[in-house]
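Chain by chain, the residues run as shown.
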Amino acid sequence: MRTKILILMELSALEPDIRSFGGVDSVCQMHLEGLRRHGDREVDYVILGFNPANDLASNGEVHALAPNIELHWYNYDRRAGLGRLVPNVAFNECLVRRFIKRQRPDVIHSHNPAWGIFRYCDARKVLTLHSYQEIGRTSVGPLNDLFYERLLPAKSIGAADTVSSVSREIVEQLHRGRCTRAIHLPNPFIAGYSGIRRDLAGLPDVNLLMVGNAVPLKRILDGLEVIRRLKPRHPNLHLYVAGRYIPDDPYCRSLRDFSVRHGLAERVHFLGRLDAASLRHRLSETHIGLSLSESESFGLAPLEMMAAGVPTITTGVGVFRWHKDAFQARGLDIVRPGDTTAIANAIEARIRDHAYTISPELSAYVKTAFSLRDYVVRTEALYRRSVSSRASVPRAVDLSEHAL
């Protein structure tokens, strides 16, 4: 009898190079692409995808992505009328519950603690955490933080047989909390931006690029401060910021006010969220990339910039802390979060030397150290271990006897 794996994931597009909302969406797209390219054809995969863009014309679209991979696609927010009084988490849990009852999978793998919170049937549960408590998450408000950082993850983790995370910090924190089922499973990486043709010779300006949402965690303001410092010596320096930008948000207003106050309005450009084609074009005209976050659960955006050949200055967080020596030995500039002097010095050094490409050694390391094939091999090994351990676990109460 064939093994059936149900994967609950965020999914805004069927192809990784069409669009992405970043973060979990990017990782889930890579997970799906990895199963297409390298997955075990003797295993049946059913994907329950939640679309963060909420722009599906019809909920429950079914796509046969491969002979053994079937996607059922829903908008993340399906509430209407009085249903808007009910939280999304309740709507989605009801959908997950019905779906598990119909599919009867051997293993359920959720990429978010808010999907598949409870344990249903005798299926083994794998939970992947891309953020946990304050790690990798931006505060929304006291009540929201209490629910999504403390209460909901505790319930979902308690119902899981295995908890994996892309972040070593998250795994360490779970171990300190006596969750011995936590393992480290690094993000995969698709070199989707490799092969971009970068012809910078005819550009009149020196272009810097930051990729990330305009939130305090990403320290966009540090980028603006660096531009302010370098402006007198480098009048042709421009900073582009690609990522979610909400004009009325207090942090975004503070960025705009700083830019106006210091005469940077013509030098700092907020591009908003870019589709893949627009981001490729921007990368082709970028001299230096910046990733200045104070915290990252992993750090995909700077890896993608380096895959495009863009030399990047990054803070020592996430994967760049765990593998700092390997990255620095291959020429990556790593600075402390908030050290705007070091950031400015690194930029000036690259401008002085016209060092606008990365070393072949760094390019090769980026593309091989975070192999999509290796990620699939490790993930499918986790599924096999989960299936083999089912026999030793008492059968859970059937779904029909469960209530939310």
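The structure presented is a predicted model; accordingly, all values stated were derived computationally and were not measured.

**Student:** For this particular structure, what's the right way to read the pairing of strand E6 (residues 124–129)?
**Tutor:** As a general feature of sheets, a regular strand has side chains that alternate between the two faces. Most of E6 sits inside the fold, with 6 of its 6 residues counted as buried. A two-sided burial pattern is seen for E6, the buried positions comprising Arg124, Val126 and Thr128 on one face and Lys125, Leu127 and Leu129 on the other. Note that strand E5 (residues 107–110) and E6 share 4 bridges and pair parallel. For valine 107, the partnering residue across the bridge sits in E6 and is arginine 124. Here E6 pairs with strand E7 (residues 162–165) via 4 bridges, running parallel.

**Student:** Got a minute to help me understand the nonpolar core in this structure?
**Tutor:** Soluble globular proteins tend to bury their nonpolar side chains together. By size, the foremost hydrophobic cluster in this structure holds 31 residues, and its most contacted members are Leu208, Leu239, Ile288, Leu290 and Ile347. Listing elements by their share of this core, those giving two or more residues are strand E9 (206–211), helix H5 (220–230), strand E10 (237–242), helix H6 (250–261), strand E12 (288–291) and helix H11 (340–353). When residues no more than four places from it in sequence are discounted, the contact partners of leucine 239 are Leu208, Leu209, Met210, Gly223, Leu224, Ile227, Arg267, Val268, His269 and Leu290. Judged by nonpolar contacts, the second largest core, of 24 residues, contains Leu32, Tyr45, Ile69 and Leu382.

**Student:** Which parts of the structure should I look at to understand helix H13 (residues 372–388)?
**Tutor:** Each turn of an α-helix holds 3.6 residues, which means side chains three or four residues apart point in the same direction. Between its terminal C-alpha atoms H13 stretches 24 Å, which fits the 24 Å expected from 17 residues at 1.5 Å a residue. Of the positions making up H13, those classed as buried are Leu372, Tyr375, Val376, Thr379, Glu380, Ala381, Leu382, Tyr383 and Ser386. With a side-chain oxygen positioned 3.2 Å from the backbone nitrogen of arginine 373, the residue opening H13 is serine 371.

**Student:** Mind showing me how you'd approach the side chain of glutamate 10 here?
**Tutor:** In this fold, glutamate 10 is placed in strand E1 (residues 3–10). The residues contacting glutamate 10, other than those within four sequence positions of it, are Phe21, Val24, Asp25, Cys28, Phe50, Pro52 and Trp115.

**Student:** How should I be thinking about helix H4 (residues 168–176) in this particular structure?
**Tutor:** Looking at H4, one finds that the buried residues are Glu169, Ile170, Val171 and Leu174. Between the side-chain oxygen of the N-cap and the backbone nitrogen of glutamate 169 there are 3.2 Å, and the N-cap of H4 in question is serine 167. Among the residues trailing H4, arginine 178 stands out with phi positive, at a value near 70°.

**Student:** Explain the sheet that holds E9 here, please?
**Tutor:** Adjacent strands of a sheet pair through backbone hydrogen bonds, lying either parallel or antiparallel. In spatial order, the strands read E11-E10-E9-E12-E13-E14; together these 6 strands make up an open sheet with parallel pairing. Of all the strands in the sheet, just strand E11 (268–272) and strand E14 (333–335) have a single pairing partner and so form its edges. Here the strands of the sheet are splayed against their neighbours by 20° on average, with no regard to which way each runs. Looking at chain direction, strand E13 (residues 312–315) and E14 are connected through 3 bridges and run parallel. Bridge pairing links threonine 314 to isoleucine 334 in E14. Contacting E9, E10 and E11, H5 crosses the sheet at an angle of about 170° to E10.

**Student:** Explain the side chain of arginine 198 to me, please; I cannot follow it from the model alone.
**Tutor:** When you line up the elements, arginine 198 lands in the loop between strand E8 (182–184) and E9. The side chain of arginine 198 sits in the buried core without any salt bridge; aspartate 199 is the nearest counter-charge, 9.7 Å away. Here threonine 286 takes part through its backbone oxygen, which lies 2.6 Å from a polar atom of the side chain of arginine 198. Excluding residues within four positions of it along the chain, arginine 198 makes contact with Leu283, Ser284, Thr286, His287, Ala308, Gly309, Val310, Pro311, Tyr356 and Thr357.

Reading the values: the criteria
Residues numbered from 1 in each chain as written. Predicted model: local features only at pLDDT ≥ 70, side-chain atom pairs only at ≥ 80, totals over all residues. Heavy atoms only, no water. Buried < 20%, exposed > 50% of the residue type's maximum accessible area, 1.4 Å probe, protein only. Helix = DSSP H or I, 4+ residues; strand = E, 2+ residues; numbered from the N terminus. Pairing = 2+ DSSP bridges. Core = buried A, V, L, I, M, F, W, Y, C linked by side-chain atoms within 4.5 Å. Contact = heavy atoms within 4.5 Å. Expected span 1.5 Å × (residues − 1). Polar contact = N/O pair within 3.5 Å; in protein donor to acceptor, adjacent residues only side chain to side chain. Axes fitted to C-alpha atoms, helices over the stretch in contact; angles between N-to-C directions. Lys, Arg positive; Asp, Glu negative; His and termini not counted. Salt bridge = Lys/Arg side-chain N within 4 Å of Asp/Glu carboxyl O.

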